[in-house]
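If you want the building blocks of each chain, they are given just below.
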Amino acid sequence: MSSFEIILLLLGCLLASSAFAQVLPRVSLPLVQIALGATVGCLITTDPTQIFRDPELFLVLFIAPLLFEESRHADKAELLRAWAPVASLAIGLVIVTALVVGATLHLADPAIPLAAAFALGAALGPTDAAAVAALGADVTLTKRQKSLLSGEALFNDASGVVCFEFAVAAAATGSFSLARASATFLADFFGGIAVGLACALVITLLVGRIRALGLETPTEHVLFEVCTPFVTFLAAEALHTSGILAVVAAGLLMRFNPGRLTAESSRHALASESVWELLTFIINGTVFVLLGMKLPSTIAPTLRAAQGTDFARLCGLVLLVCVLVVGVRLLWVLALERIHRARHAHDGQAHNWQRLLRSALVTTLSGPKGAVTLSIMLTLPYLTAEGTAFPQRSLLIFVASGVIVLTLVLANFLVPLLAPAPDTSEAEAALTRARAEVLRRTIAHIEQGEASHGTSRETAAATRLAARSFRERLDATLEREASPATMIELRLRVIEAQIAFVHEQIDAGSADRNVAERYLEALEGLQSTYELHRGVSGGRGRRRAHAARLVRAMASRADDAEREQLASLHAATERHAIDQLRAWATELSDEQQLAARIIAGEHRAQLAATANVRSGSSRAEWRARVQAQCREIEAEALAFELEQIRELHEAGELSRVGARELREEVYLLQMGLDAR
């Protein structure tokens with residue numbers, strides 16, 4: 001399998017993992033990606049990591065951009081406030097973990113050299129707090145826990161890599177000097193920081209000069225940012241300093257010196273965030289998929305070459321190292337929490353050992369091992385300085401992989417139990433009511449403005465289109481309160497009524513039989529789709545796709561008369577559906593009435609779409625004019641929507657957080673409208 005095929009396979013796994021994560025919301029995305037990778041790994045014989053045989057290439061491609069992105073989002077205030085415990089976790093805990101794990105693992109299995117065991121311990125020092133962030137609403141962390149985890153994850157990568165490099169050098173050369181290592185460490189540490197600050201300063205000045213000349217665009221801004229971690233890392237390594245620390249320093253300098261807030265800088269920031277969100281997803285996902293793909297190739301040879309007791313011994317080593325890593329971390333965090341609460345004894349928390357232990361457990365388990373640990377381990381050299389195979393390389397990667405999986409499982413299933421998210425159903429319901437009220441007011445404003453805009457056919461069509469887009473948003477908001485099963489049951493009932501209506505039109509001679517039969521085929525196809533997916537989802541997407549097919553069919557008929565007949569039948573059928581929903585109102589439950597309102601809105605929207613299709617010979621030009629006028633109406637309506645959000649907030653009917661969330665939605669819609 002070629003390198004290009006492996007890359008395509010990795011991207012396919014990433015796409016599949018994103019879909020599976022929506023189906024399995026209680027399972028964190030890294031676990032899903034590991035499972036997918038393991039499944040694929042059982043089907044292929046090629047080692048997927050063969051395209052990253054150069055250790056420095058792996059560091060540059062994966063660790064450098066991840067650390068740079070973490071640095072860009074560091075909370076300045078919290079980082080400065082909690083610098084002492086963060087430094088303790090990021091440096092002290094990493095060193096202690098490396099020493100404890102290395103010494104214990106060497107004692108448990110003397111075949112593993114002490115230096116190689118220390119390398120494993122150093123690689124297991126960095127945490128992956130982003131893995132727990134994937135749990136989303138299932139976990140609640142305190143402000144202190146968030147600041148500790150984010151600050152630790154930012155700096156312990158660098159300290160872990162530096163310790164790892166020293167241990168690997170000792171294992172590869174067979175010699176180690178504490179004095180030389182200390183001098184090298186200081187040179188790497190401070191030299192890396194200096195190089196990173198210098199690179200960030202040069203890049204910032206260069207970008208500022210380009211901006212002053214009016215030559216900077218969002219594309220160039222994003223390219224500068226994306227290239228910064230790679231250039232900084234390579235520059236630091238060329239000067240024999242720590243590339244990791246250089247990347248962190250560069251990211252922090254850019255974070256602490258963000259520049260002036262302008263419209264142009266805001267556009268650049270939005271473009272940058274979108275690109276970095278995609279890059280970090282690809283990088284993190286690729287590493288976890290690679291981990292899953294390597295598991296079968298790592299385990300299978302052991303199973304074939306060893307007896308069951310030997311494999312059990314390897315699993316015991318994984319469990320031992322996991323217990324050591326979690327245990328050392330728990331004791332360290334307990335000590336930090338005890339000191340912190342002793343300083344805040346007036347809060348009554350200093351002697352509450354149950355609460356103290358629970359908080360320490362949450363902080364401990366919320367720092368699983370992940371992408372950085374595997375990235376570091378995969379940089380283990382294949383050969384020593386003497387040309388022999390690096391001692392126990394496969395075993396060390398196997399143990400690291402097992403610890404990553406175990407810590408991710410603990411974080412995924414235990415942290416939500418220890419720190420469950422508060423019940424936000426009432427707040428979400430209040431936000432839904434406020435969003436619906438804002439949209440109702442906006443729709444009424446659009447309809448009231450039709451008279452002031454004029455009574456031309458184009459204006460009327462544009463107003464209907466604009467109102468339809470807001471009704472779809474309102475229906476989507478209300479649909480959250482109606483179960484998918486209720487929505488589908490009522491949709492099926494409406495389709496049955498529509499099919500019966502079309503048959504009546506055929507019998508009465510009001511519709512051409514050939515046209516009506518084609519329309520019936522479309523309705524019966526939609527009915528079969530709903531039957532197949534009964535209870536899975538409400539079906540809004542399938543209904544919209546069905547309507548789009550009908551509209552395209554009406555627009556693409558060569559015979560204008562036939563197209564007009566199909567459009568007339570479609571309009572009559574949609575009106576019949578609305579009438580039937582209105583007639584059933586008295587016999588429906590409250591939830592069914594809500595679903596009926598949503599479905600009726602969809603049918604009214606299709607009536608508007610039908611009217612736009614039946615527009616005469618110059619349909620394309622007419623639609624273009626209508627769309628342009630519709631965008632103007634939508635832009636004015638979005639501005640009105642912002643005003644309604646402000647009024648609800650000032651009236652006390654909408655919280656500050658809720659108002660901010662609704663405003664952000666409108667801002668996104670405004671940007672999307674400009675991009676259309």
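Whatever comes next refers back to the structure up there.
Residues numbered from 1 in each chain as written. Predicted model: local features only at pLDDT ≥ 70, side-chain atom pairs only at ≥ 80, totals over all residues. Heavy atoms only, no water.

**Here's the deal with the overall build of the chain**
Right, on to step 1. The secondary structure content of the chain amounts to 25 helices and 0 strands.
Right, on to step 2. Counting all 676 residues of the chain, 47% fall into the buried class.
Right, on to step 3. Contacts spanning at least 24 positions in sequence make up 81% of the contacts within the chain whose residues lie at least 6 apart.
Right, on to step 4. As displayed, the chain offers around 32,000 Å² of accessible surface, 61% of which is attributable to carbon and sulfur atoms. (Helix = DSSP H or I, 4+ residues; strand = E, 2+ residues; numbered from the N terminus. Buried < 20%, exposed > 50% of the residue type's maximum accessible area, 1.4 Å probe, protein only. Contact = heavy atoms within 4.5 Å. Areas by Shrake-Rupley, 256 points an atom, 1.4 Å probe, with all protein chains shown as cover.)

**Here's the deal with the packing of aromatic side chains**
Aromatic ring pairs are defined here through the distance separating the ring centres and the angle between the ring planes.
Right, on to step 1. One pass over the full model with this rule turns up 1 aromatic pair.
Right, on to step 2. Pairing Phe68 with Trp276 gives two aromatic rings, centres 5.6 Å apart and planes at 40°, and the pair type is tilted. Of this pair, Phe68 sits in helix 3 (residues 55–72) while Trp276 is found in helix 12 (residues 263–305), placing the two residues 208 residues apart along the sequence. (Phe/Tyr/Trp six-rings, centres within 6.5 Å; stacked < 30°, edge-to-face > 60°.)

**Concerning the nonpolar core**
Right, on to step 1. Formed by 85 residues in total, the largest nonpolar core has its most connected members in Phe164, Met377, Leu396 and Val399.
Right, on to step 2. Setting aside residues up to four positions removed in sequence, Leu396 forms contacts with Leu105, Ile112, Ala116, Leu120, Met377, Leu380, Phe390 and Pro391. (Core = buried A, V, L, I, M, F, W, Y, C linked by side-chain atoms within 4.5 Å.)

**Focus on the side chain of Ser17**
Right, on to step 1. Of note, Ser17 is situated in helix 1 (residues 3–23).
Right, on to step 2. Classification of Ser17 as buried rests on a relative accessible area of 0%.
Right, on to step 3. Aside from chain neighbours lying at most four places away, what touches Ser17 is Leu29, Val32, Gln33, Leu36 and Phe281.

**Concerning helix 6 (residues 114–123)**
Residues spaced three or four apart along an α-helix point in a common direction, a consequence of the helix completing one turn every 3.6 residues.
Right, on to step 1. The element helix 6 is largely enclosed, with a buried count of 8 among its 10 residues.
Right, on to step 2. Of all the positions in helix 6, only Ala115, Ala116, Ala117, Ala119, Leu120, Gly121, Ala122 and Ala123 are classed as buried.
Right, on to step 3. Next to the buried residues of helix 6 lie helix 5 (83–108), helix 8 (143–173), helix 15 (371–377) and helix 16 (393–418).

**Focus on the pattern of salt bridges**
Right, on to step 1. Scanning the entire structure with this criterion turns up 13 salt bridges.
Right, on to step 2. The partner of Glu661 in a salt bridge is Arg435, and the shortest N-O contact between them spans 3.8 Å. Of this pair, Glu661 sits in helix 25 (residues 656–675) while Arg435 is found in helix 17 (residues 425–453), placing the two residues 226 residues apart along the sequence.
Right, on to step 3. Looking at Glu661, the relative accessible area reads 35%, which means it is partly exposed. (Salt bridge = Lys/Arg side-chain N within 4 Å of Asp/Glu carboxyl O.)

**What about unusual backbone geometry?**
Right, on to step 1. Backbone geometry places His240, a non-glycine residue, at a positive phi of 60°.
Right, on to step 2. For His240, the location among the structural elements is in the loop between helix 10 (218–238) and helix 11 (243–256).
Right, on to step 3. Even without being a glycine, Gln392 presents a positive backbone phi close to 55°.
Right, on to step 4. Residue classification places Gln392 among the partly exposed residues on the basis of a relative accessible area of 31%.

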